[in-house]
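# Observations on the model geometry
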Amino acid sequence: MRAIAIQQRLQQRLQQLILTLRETLARHPDGVCRLPRFDSQLFHTKGTRLADYLQEVELNFARLCDSSQDLSRSRWLAERLVDQIAALQREVGTQQLRLRREQPVQGPAPTKYQEYREFERRLLAMIDQCEQRLALAETLMIQQQLKQELETLEGRLARCRQAIRSVEWAASLRGSE
């Protein structure tokens, strides 16, 4: 009788964790990753979206509730569920730390033109900061370092603007066809 009460509390706690996880996943973008996110020992799902893995967790929870007669199977499923839920929580919590190439693809990728324009904007801001620091520099050595940094940034800006012109030119050719 006591084992059944413990099992029911465990199931309630797991159900609460799953509900919380579902709500958390709903607040995060769930794009398709290039590679499966978890080890095949932990999840059988081959999907690349977090929702795919949540679906497996919910299926395992349903199996746990159905296998309440077999204590060893219930224990194994409960441990697996805890591991799966913890892995999903970690994955959601570290989404912002992923490298750009590892992040989920969320809809259409920004065009090269938009990327180059963003680079141009950031380079202009960096050049402005560098010029401000150069105006405030007191020693000759610091001024020389800042001038060299400024030249480097201006070179990058020139290459960026050349790339923008190249994309615009290619777009104009496609538009005339």
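Residues numbered from 1 in each chain as written. Predicted model: local features only at pLDDT ≥ 70, side-chain atom pairs only at ≥ 80, totals over all residues. Heavy atoms only, no water.

### Some words on the overall build of the chain
Where we set the bar: Helical segments are the DSSP runs of H or I of at least four residues, strand segments are the runs of E of at least two, and each set is numbered from the N terminus. Contacts between residues were defined by any pair of non-hydrogen atoms, one from each residue, lying within 4.5 Å. Exposure was quantified through the Shrake-Rupley algorithm and a 1.4 Å probe, taking into account, for residues, occlusion by the shown protein chains and nothing else.
Along its length, the chain carries five helices and zero strands. Reading the chain from its N terminus to its C terminus gives the helix and strand order α-α-α-α-α. In the chain, once contacts between residues fewer than 6 apart in sequence are set aside, the share between residues at least 24 apart is 60%. With an accessible surface of roughly 12600 Å², the chain has 54% of that area assigned to carbon and sulfur atoms.

### Things to note about the environment of D128
Checked against the element boundaries, D128 lands in helix α4 (residues 112-136). Along the primary structure D128 and L150 are separated by 22 residues, whereas in three dimensions their C-alpha atoms are 9.2 Å apart.

### Let's talk about the side chain of N60
Keep this limit in mind: The buried label applies to any residue whose accessible area, calculated with a 1.4 Å probe on protein chains only, is under 20% of its type's maximum; exposed applies above 50%, and partly exposed to all values in between. Two N or O atoms form a polar contact when they lie within 3.5 Å of each other; inside protein one atom must be a possible hydrogen donor and the other a possible acceptor, and for residues adjacent in sequence the pair counts only when both atoms belong to side chains.
For N60, the position within the fold is in helix α2 (residues 50-66). Accessibility expressed as a relative area gives 4% for N60, which makes it buried. A polar contact of 3.0 Å, which involves the side chain of N60, links it to the side chain of Q84. Excluding residues within four positions of it along the chain, N60 makes contact with L77, R80, L81 and Q84.

### Regarding the pattern of salt bridges
The following threshold applies: Here, a salt bridge means any Lys or Arg side-chain nitrogen found within 4 Å of an Asp or Glu carboxyl oxygen.
Throughout the structure, instances matching the rule amount to seven salt bridges. Its salt-bridge partner being E115, residue K112 comes within 4.0 Å of it at the nearest N-O pair. Of this pair, K112 and E115 both sit in helix α4, separated by three residues, roughly a single helical turn. Overall, the relative accessible area of 49% leaves K112 in the partly exposed class. Salt bridges here are not isolated pairs; linked through shared partners, they connect R117, E120, R161 and E168.

### Focus: the layout of surface pockets
Heads up, the rule is: Within this scheme a cavity is a closed region of a 1 Å grid, computed over the protein atoms alone, that accommodates a 1.4 Å probe without allowing it to escape, whereas a pocket is open but has protein on both sides within 12 Å along at least five of seven lines; lining residues each have an atom within 4 Å of a point. Grid points are joined across faces, edges and corners, and a volume is the space filled by probe spheres set on the points. Side-chain classes are defined by residue name, with Ala, Val, Leu, Ile, Met, Phe, Trp, Tyr, Cys and Pro counting as nonpolar, Asp, Glu, Lys and Arg as charged, and the others, Gly among them, as polar.
Considering only enclosed or pocket space, the second largest pocket measures out at about 200 Å³ in volume. Lining the second largest pocket are eleven residues; nearest its centre among them are I6, Q7, L10, L71 and R75. Listed by contribution, the elements that provide at least two residues to the lining of the second largest pocket are α1 (2-26) and α3 (71-93). Here the lining of the second largest pocket is built from residues that sort into six nonpolar, three polar and two charged.

### Quick look at the nonpolar core
Looking at soluble globular proteins, one finds that nonpolar side chains tend to be buried together. We count it as follows: Here the nonpolar core consists of buried residues drawn from Ala, Val, Leu, Ile, Met, Phe, Trp, Tyr and Cys, with membership extended through side-chain atoms lying within 4.5 Å.
L14, F38, F43, V57, L64 and L88 are the most contacted members of the largest nonpolar core, which totals 19 residues. The element best represented in this core is α3, accounting for seven residues. Not counting residues within four places of it along the chain, the set of residues in contact with V57 comprises I18, F43, L81, Q84, I85 and L88.

### Observations regarding α2
Stated precisely, the cut-off is as follows: Multiply 1.5 Å by the residue count of a helix minus one, and that product is the helix's expected span.
Between its first and last C-alpha atoms α2 spans 25 Å; for 17 residues at 1.5 Å apiece the expected length is 24 Å, and the two agree. Among the residues of α2, those classed as buried are L50, D52, Y53, L54, E56, V57, N60, F61 and L64.

### Some thoughts on the packing of α2 against α3
When two helices pack together, you describe them by how their axes are tilted relative to each other and by the distance separating the axes. The test is simple: Axis lines are fitted through C-alpha atoms, for helices just across the contact stretch, and the angle between N-to-C directions can take any value from 0 to 180 degrees. Angle categories: roughly parallel below 35 degrees, roughly antiparallel above 145, roughly perpendicular from 65 to 115, and oblique for all the rest. What makes a crossing left-handed is the near helix being turned counterclockwise from the far one by less than a right angle; a clockwise turn instead makes it right-handed.
Contact geometry for α2 and α3: axes closest at 10 Å, N-to-C directions at 160 degrees. By the criterion of interaxial angle, the relationship of α2 to α3 is roughly antiparallel. Relative to α3, the crossing made by α2 is left-handed. Between α2 and α3, the residues in contact are L50, Y53, L54, E56, V57, N60, F61, R63 and L64 and R73, S74, L77, A78, R80, L81, Q84, I85, L88, E91 and V92, respectively.

Fair warning: the whole summary comes from geometry, so function is off the table for now.
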